[in-house]
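# Close look at the chain arrangement
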Amino acid sequence: MQSHLSAWLVKHELVHRSLGFDYQGIETLQIKPEDWDSIAVISYVYGYNYLRSQCAYDVAPGGFLASVYHLTRIQYGVDQPEEVCIKVFTPRQNPRVPSVFWVWRSADFQERESYDMLGISYDNHPRLKRILMPESWIGWPLRKDYITPNFYEIQDAH
């Protein structure tokens, strides 16, 4: 069993790997970083016109980082829209993933948050800079190997 998008990618010989289905029956696909920009455009043309969410996580200390995209195919007259989850794994030494800002504008702040918290650099993002932490912050707070500073400075507490 595979989603419509996965079947289409197989038919057109585009490299991906199915990671299975979640409890709602939504398939998760693994895409290589170097293939993600073209598959993102293909997904949009195929009908996945809504980026429901983008997030990222640290797979394991010293391991890969993952950038996750939840795509939805919204059509008029369809009560249950088709969905797919895309995971792009990248090495933590130089984590780079092509930005999908130019495909789905809603990726703007979401990719910036993933950059700010995990240090994943989104190539061709127009404003890739910290969004939650101060620009002077050192490190990536949501990485599993992040060492928390031994001090907390309360600024402008009143």
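Everything in this summary refers to the structure shown in the same document. (Residues numbered from 1 in each chain as written. Predicted model: local features only at pLDDT ≥ 70, side-chain atom pairs only at ≥ 80, totals over all residues. Heavy atoms only, no water.)

Evaluated as defined, the whole model comprises 6 aromatic pairs. Ring centres of Tyr46 and Tyr48 lie 6.1 Å apart, and the angle between their planes is 20°; on these two criteria the pair is classed as stacked. Exposure class is identical for Tyr46 and Tyr48. Each is buried. Taken together, the aromatic side chains of Trp36, Tyr44, Tyr69 and Trp104 make up a single cluster linked through ring pairs. Taking the ring centre of Tyr46 as reference, the NZ or CZ of Arg73 above it sits at 4.5 Å. (Phe/Tyr/Trp six-rings, centres within 6.5 Å; stacked < 30°, edge-to-face > 60°. Buried < 20%, exposed > 50% of the residue type's maximum accessible area, 1.4 Å probe, protein only. Lys NZ or Arg CZ within 6 Å of the ring centre and 35° of its normal.)

Turning to the packing of helix 1 (residues 4–11) against helix 2 (residues 33–46), a few remarks are in order. What describes two packed helices is the angle between their axes and the distance between those same axes. As a packed pair, helix 1 and helix 2 sit with axes 11 Å apart at the nearest point and diverge in direction by 120°. Considering their axes alone, helix 1 and helix 2 lie oblique with respect to each other. In the crossing of helix 1 with helix 2, the sense of the turn from one axis to the other is right-handed. Together, His4, Leu5, Trp8 and Leu9 of helix 1 and Ile39, Ile42, Ser43 and Tyr46 of helix 2 make up the contact between the two elements. (Axes fitted to C-alpha atoms, helices over the stretch in contact; angles between N-to-C directions. Helix = DSSP H or I, 4+ residues; strand = E, 2+ residues; numbered from the N terminus. Parallel < 35°, antiparallel > 145°, perpendicular 65-115°, else oblique. Left-handed = near helix turned anticlockwise from the far one by under 90°. Contact = heavy atoms within 4.5 Å.)

The subject of this paragraph is the environment of Phe89. Position of Phe89 among the secondary structure elements: in strand 5 (residues 82–91). The spatial distance from the C-alpha of Phe89 to the C-alpha of Ala56 is 9.5 Å, given a sequence separation of 33 residues. Setting aside chain neighbours within four positions, we find Phe89 in contact with Leu19, Gln30, Ile31, Pro33, Tyr57, Val59, Phe64, Leu65 and Ala66.

The next point concerns the nonpolar core. With 25 residues, the main nonpolar core has Leu5, Trp36, Tyr69, Leu71 and Ile86 as its most contacted residues. Of all elements in the fold, only helix 1, strand 2 (27–31), helix 2, strand 3 (50–58), strand 4 (64–73), strand 5 and helix 3 (107–118) reach the threshold of two or more residues within this core. Top element by residues in this core is helix 2. It accounts for 4 residues. Filtering out sequence-adjacent residues up to four positions away, Leu71 remains in contact with Trp36, Ser43, Tyr48, Tyr50, Leu51, Glu82, Glu83, Val84, Ile86 and Trp104. (Core = buried A, V, L, I, M, F, W, Y, C linked by side-chain atoms within 4.5 Å.)

On the surface, Val41, Tyr44 and Val45 cluster together into a nonpolar patch covering about 300 Å² of accessible area. Among the secondary structure elements, Val41 is positioned in helix 2. Val41 gets classed as partly exposed once you look at its relative accessible area, which sits at 43%. (Patch = residues over 30% accessible without salt bridge, like charges linked within 9 Å, V, L, I, M, F, W, Y side chains within 5 Å. Areas by Shrake-Rupley, 256 points an atom, 1.4 Å probe, with all protein chains shown as cover. Salt bridge = Lys/Arg side-chain N within 4 Å of Asp/Glu carboxyl O.)

Next up on the list: the environment of Pro33. Within the secondary structure, Pro33 is located in helix 2. You can call Pro33 buried: its relative accessible area is 18%. For Pro33 and Pro98, which are 65 residues apart along the polypeptide, the C-alpha to C-alpha distance reads 6.8 Å. Aside from chain neighbours lying at most four places away, what touches Pro33 is Val88, Phe89, Arg96 and Pro98.

Looking now at the pairing of strand 1 (residues 17–21). Bridge count between strand 1 and strand 2: 3 bridges; the pairing is antiparallel. Among the inter-strand pairings, Ser18 is bridged to a residue of strand 2, identified as Leu29. Connecting the antiparallel pair strand 1 and strand 2 is a turn made up of 5 residues, with Gly25 showing a positive phi of about 85°. (Pairing = 2+ DSSP bridges.)

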